[in-house]
Amino acid sequence: MNIKVDNVPLWEKSNLTIDEAAVYFNIGTKKLRAMTESESCPYVLWIGNKRLIKRKEFEEYLRKTYSI
């Protein structure tokens, strides 16, 4: 079975892992984990125990926020 993996650039992904978001937004992984602890967080997508950052929603959140 051949599996082809396409490497999609971070700026084209709709959802980012914590590590990808840390690189993309230049925010530490510990800070991102703390910011996404709440299950009602509007820019996090939970898949079981795995959390993904909704890139566009998080960009909008950062645009409106003075400091984190």
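Here, every reference points to the structure presented above.
Keep in mind that this is a model prediction, so the values were computed, not measured.

Asker: Can you walk me through the packing of aromatic side chains in this structure?
Answerer: Ring pairs (aromatic) are described by centroid distance and by the angle formed between their planes. Under the counting rule described, the total for this entry stands at five aromatic pairs. Between Tyr-24 and Phe-25 the ring centres are 4.8 Å apart and the planes differ by 85°, which places this aromatic pair in the edge-to-face class. Taking relative accessible area as the criterion, Tyr-24 reaches 29% and is therefore assigned partly exposed. The exposure class assigned to Phe-25 is buried, which follows from its relative accessible area of 16%. Measuring from ring centre to ring centre gives 4.9 Å for Tyr-43 and Tyr-61, while their planes differ by 35°; the resulting arrangement is tilted. Linking Tyr-43 in the loop between α2 (29–35) and β2 (44–47) with Tyr-61 in helix α3 (residues 55–64), this pair joins segments that are 18 residues apart in sequence.

Asker: Explain the pairing of strand β3 (residues 50–54) here, please?
Answerer: Walk down a regular strand and you will see the side chains alternate between the two sheet faces. Across two bridges, strand β1 (residues 15–16) lies against β3 in antiparallel orientation. Looking across to β3, one finds that Leu-16 is bridged to Ile-53. Looking at chain direction, β2 and β3 are connected through four bridges and run antiparallel. Residue Val-44 lies in a different strand from β3, and its bridge partner there is Ile-53.

Asker: Honestly, the nonpolar core in this entry has me stumped. Any pointers?
Answerer: Grouped burial of nonpolar side chains is what soluble globular proteins tend to show. If you look at the biggest cluster of nonpolar residues, it comprises 13 residues, and the most contacted ones within it are Ala-21, Phe-25, Ile-27, Leu-32, Tyr-43, Ile-53 and Phe-58. If you list the elements that add at least two residues to this core, you get α1 (18–25) and α2. A total of four residues in this core trace back to one element, the largest contributor, which is α1. The contacts of Ala-21, once residues within four sequence positions are left out, are Leu-16, Asn-26, Leu-32 and Ile-53.

Asker: Help me understand the side chain of Arg-51 in this model?
Answerer: Counting through the fold element by element, Arg-51 comes out in strand β3. Take Arg-51: its relative accessible area is 13%, and that puts it in the buried class. Within the structure, Arg-51 has its side chain in polar contact with the side chain of Glu-37 (distance 3.3 Å). Look past the residues within four positions of Arg-51 in its chain and what remains in contact with it is Leu-16, Thr-17, Ile-18, Arg-33, Thr-36, Glu-37, Val-44, Leu-45 and Trp-46.

Asker: How should I be thinking about the environment of Arg-55 in this particular structure?
Answerer: By secondary structure assignment, the location of Arg-55 is in helix α3. Taking the C-alpha atoms as reference points, Arg-55 and Leu-16, 39 residues apart in sequence, are found 6.5 Å from one another. Excluding residues that lie within four positions of it along the chain, Arg-55 makes contacts with Leu-10, Trp-11, Glu-12, Lys-13, Ser-14, Leu-16, Tyr-24 and Phe-25. A distance of 3.3 Å separates a polar atom in the side chain of Arg-55 from the backbone oxygen of Trp-11.

About the cut-offs
- Residues numbered from 1 in each chain as written.
- Predicted model: local features only at pLDDT ≥ 70, side-chain atom pairs only at ≥ 80, totals over all residues.
- Heavy atoms only, no water.
- Phe/Tyr/Trp six-rings, centres within 6.5 Å; stacked < 30°, edge-to-face > 60°.
- Buried < 20%, exposed > 50% of the residue type's maximum accessible area, 1.4 Å probe, protein only.
- Helix = DSSP H or I, 4+ residues; strand = E, 2+ residues; numbered from the N terminus.
- Pairing = 2+ DSSP bridges.
- Core = buried A, V, L, I, M, F, W, Y, C linked by side-chain atoms within 4.5 Å.
- Contact = heavy atoms within 4.5 Å.
- Polar contact = N/O pair within 3.5 Å; in protein donor to acceptor, adjacent residues only side chain to side chain.

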